[in-house]
Amino acid sequence: MASSNSKSTNEAARKIFKILLTNPKIKVSWVKAHAGNIGNERAAQLAKDATQHGQPYSHTKLPNPHIKGLLRKRMLEKWQASWKNGDTGRKIFNIMPSVSLRPTNWIREDVMFLFQHGHFPAYLKRFHLSDSDYFRCDGIGTALHYATECIYTVSWHMRKPAPNFAQEWLKRIVNTLVSRHKIRGIIKFISENRDLFHPP
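The structure presented is a predicted model; accordingly, all values stated were derived computationally and were not measured.

Caption draft 1: View of helix α9 (residues 177-192). The end-to-end C-alpha distance of α9, which contains 16 residues, comes to 22 Å, matching closely the 22 Å that a straight helix rising 1.5 Å per residue would cover. Of the residues making up α9, those classed as buried are Ser179, Arg180, Ile183, Arg184, Gly185, Ile186, Ile187 and Ile190.

Caption draft 2: Structural view of unusual backbone geometry. With a phi angle near 65°, Asn105 is a residue other than glycine that sits in the positive phi range. Within the secondary structure, Asn105 is located in the loop between α4 (90-95) and α5 (108-115).

Caption draft 3: Looking closely at the pattern of salt bridges. Applying the stated criterion to the full structure yields five salt bridges. Across the salt bridge formed by Glu149 and Lys160, the nearest N and O atoms sit 3.4 Å from each other. Here Lys160 lies in the loop between α7 (143-148) and α8 (166-174) and Glu149 lies in the loop between α7 and α8, a separation of eleven residues in the sequence. What you see here is one network of salt bridges that share partners, running through Asp110, Arg180 and Arg184.

Caption draft 4: Quick peek at the packing of aromatic side chains. This model, assessed by the stated rule, comprises two aromatic pairs. With a centroid separation of 5.7 Å and an interplanar angle of 70°, the aromatic rings of Trp83 and Phe93 are classed as edge-to-face. Here Trp83 is found in helix α3 (residues 64-84), whereas its partner Phe93 is found in helix α4, with ten residues between them in sequence. Judged by centre distance (5.4 Å) and plane angle (45°), the rings of Trp156 and Phe189 are tilted. With Trp156 in the loop between α7 and α8 and Phe189 in helix α9, the pair connects residues that are 33 residues apart, well separated along the chain. Judged by its relative accessible area of 21%, Phe189 is partly exposed. The ring of Trp83 is capped by Arg90, whose NZ or CZ atom sits 5.0 Å from the centre of that ring. Directly above the ring of Phe93 sits Arg90, whose terminal nitrogen or CZ lies 4.5 Å from the centroid.

Caption draft 5: Region of the structure containing the nonpolar core. Counting 26 residues, the largest nonpolar core has Phe113, Leu114, Phe120, Trp169, Leu170 and Ile173 as its most contacted members. Mapped by element, the contributors of at least two residues to this core are α3, α4, α5, α6 (121-126), α7, α8 and α9. Setting aside residues no more than four positions away along its own chain, Trp169 makes contact with Phe113, Leu144, Ala147, Thr148, Met158, Arg159 and Pro161.

Caption draft 6: A nonpolar patch on the surface, seen in detail. Among the surface-exposed residues, Leu62, Ile67, Leu70 and Leu71 lie close enough to one another that they form a single nonpolar patch of about 360 Å² accessible area. Residue placement: Leu71 occurs in helix α3.

Caption draft 7: Structural view of the packing of α5 against α9. The contact between α5 and α9 brings their axes to 9 Å, and the two run at 85°. Accordingly, the angle class assigned to the pair α5 and α9 is roughly perpendicular. On α9, the residues touching Glu109, Asp110, Met112 and Phe113 of α5 are Arg180, Ile183, Arg184 and Ile187.

Caption draft 8: Looking closely at the environment of Trp156. Judged by relative accessible area, Trp156 falls into the partly exposed class, the value being 23%. Taking the C-alpha atoms as reference, Trp156 lies 5.1 Å from Lys182; in sequence the two are 26 residues apart. Residue contacts for Trp156: discarding those within four places in its chain leaves Ala147, Lys182, Gly185, Ile186 and Phe189.

Thresholds applied
- Position numbers for residues start from 1 in each chain and track the written sequence from start to end.
- pLDDT decides what is reported in this predicted model: residues at 70 or higher carry local features, side-chain atom pairs at 80 or more are listed and counted, and totals for whole chains, interfaces and linings draw on all residues regardless.
- Processing note: side-chain calculations cover all non-hydrogen atoms of the structure and skip hydrogens and water entirely.
- Helix and strand assignments follow DSSP, with helices taken as H or I runs no shorter than four residues and strands as E runs no shorter than two, numbered in order from the N terminus.
- Under the convention used throughout, the expected extent of a helix is 1.5 Å for every residue step, that is, one less than its residue count.
- For every residue, the accessible area obtained with a 1.4 Å probe (protein chains only) is divided by the maximum for its type, and the residue is called buried under 20%, exposed over 50%, and partly exposed between those limits.
- For this analysis, a salt bridge means a side-chain nitrogen from Lys or Arg found within 4 Å of a carboxyl oxygen belonging to Asp or Glu.
- Each aromatic pair joins two rings of Phe, Tyr and Trp (for Trp, the six-membered one) with centres within 6.5 Å, and gets the label stacked for planes under 30 degrees apart, edge-to-face for over 60, and tilted for any other angle.
- Placement of a charge over a ring requires the Lys NZ or Arg CZ to be within 6 Å of the ring centre, with the centre-to-atom vector within 35 degrees of the ring normal.
- Among buried residues, those of type Ala, Val, Leu, Ile, Met, Phe, Trp, Tyr and Cys that are joined through side-chain atoms within 4.5 Å constitute a nonpolar core.
- The contact definition used throughout considers only heavy atoms, calling two residues in contact when any of these lie within 4.5 Å.
- Patch definition: residues with relative accessible area over 30% and no salt bridge; like charges joined within 9 Å; nonpolar side chains (Val, Leu, Ile, Met, Phe, Trp, Tyr) joined within 5 Å.
- All accessible-area figures derive from a Shrake-Rupley calculation using a 1.4 Å probe, and residue coverage is judged against the displayed protein chains alone.
- Under this scheme, a helix contributes an axis fitted over its contacting stretch, all axes are lines through C-alpha atoms, and angles between N-to-C directions fall in the 0 to 180 degree range.
- Roughly parallel here means an angle under 35 degrees, roughly antiparallel means over 145, roughly perpendicular means 65 to 115, and every remaining angle is called oblique.

Here it is, written out as structure tokens:
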């Protein structure tokens with residue numbers, strides 16, 4: 001019996017062994033099952049209750065890759081719930097609604113365009129770094145403006161989307177290599193000509 005082994009791998013058995021060792025008055029003996037012994041019947045009932053209502057416990061050792069897979073799945077589920085129900089990054093959420101551990105391969109220029117951060121007059125005004133969000137060509141200096149209608153960035157223009165399709169347009173250009181090259185060209189041109197792109 002496990003409780004008679006001081007080196008048992010079962011923690012409960014080791015505790016029982018210690019109790020028996022320090023209390024010599026306690027005697028352990030075999031009792032016939034279902035013979036009307038009150039203590040034995042009570043132990044049987046408790047064991048039955050444990051199997052039906054107790055917490056499952058297993059000593060089965062799972063392979064590390066399996067455990068890592070379970071943890072990865074749980075982490076992604078929590079991350080997805082947080083991303084879906086969050087208050088920030090909603091523009092990016094509309095472009096990338098699902099989280100992933102795979103890299104996006106976005107470079108700095110892609111991020112600047114999608115987040116509309118950098119030398120855009122609309123961005124500068126939003127953070128009180130400028131008094132106007134208008135550009136020299138009388139258009140509001142947003143990423144969309146430079147990508148579709150600004151006279152200074154004609155070389156990289158793309159077709160302007162209808163107002164209600166702006167998010168779908170962003171999704172499409174993010175996943176199209178040619179469009180991403182155009183975005184990078186626009187951002188690089190703006191960065192190299194900052195004075196030109198500051199509000200008048």
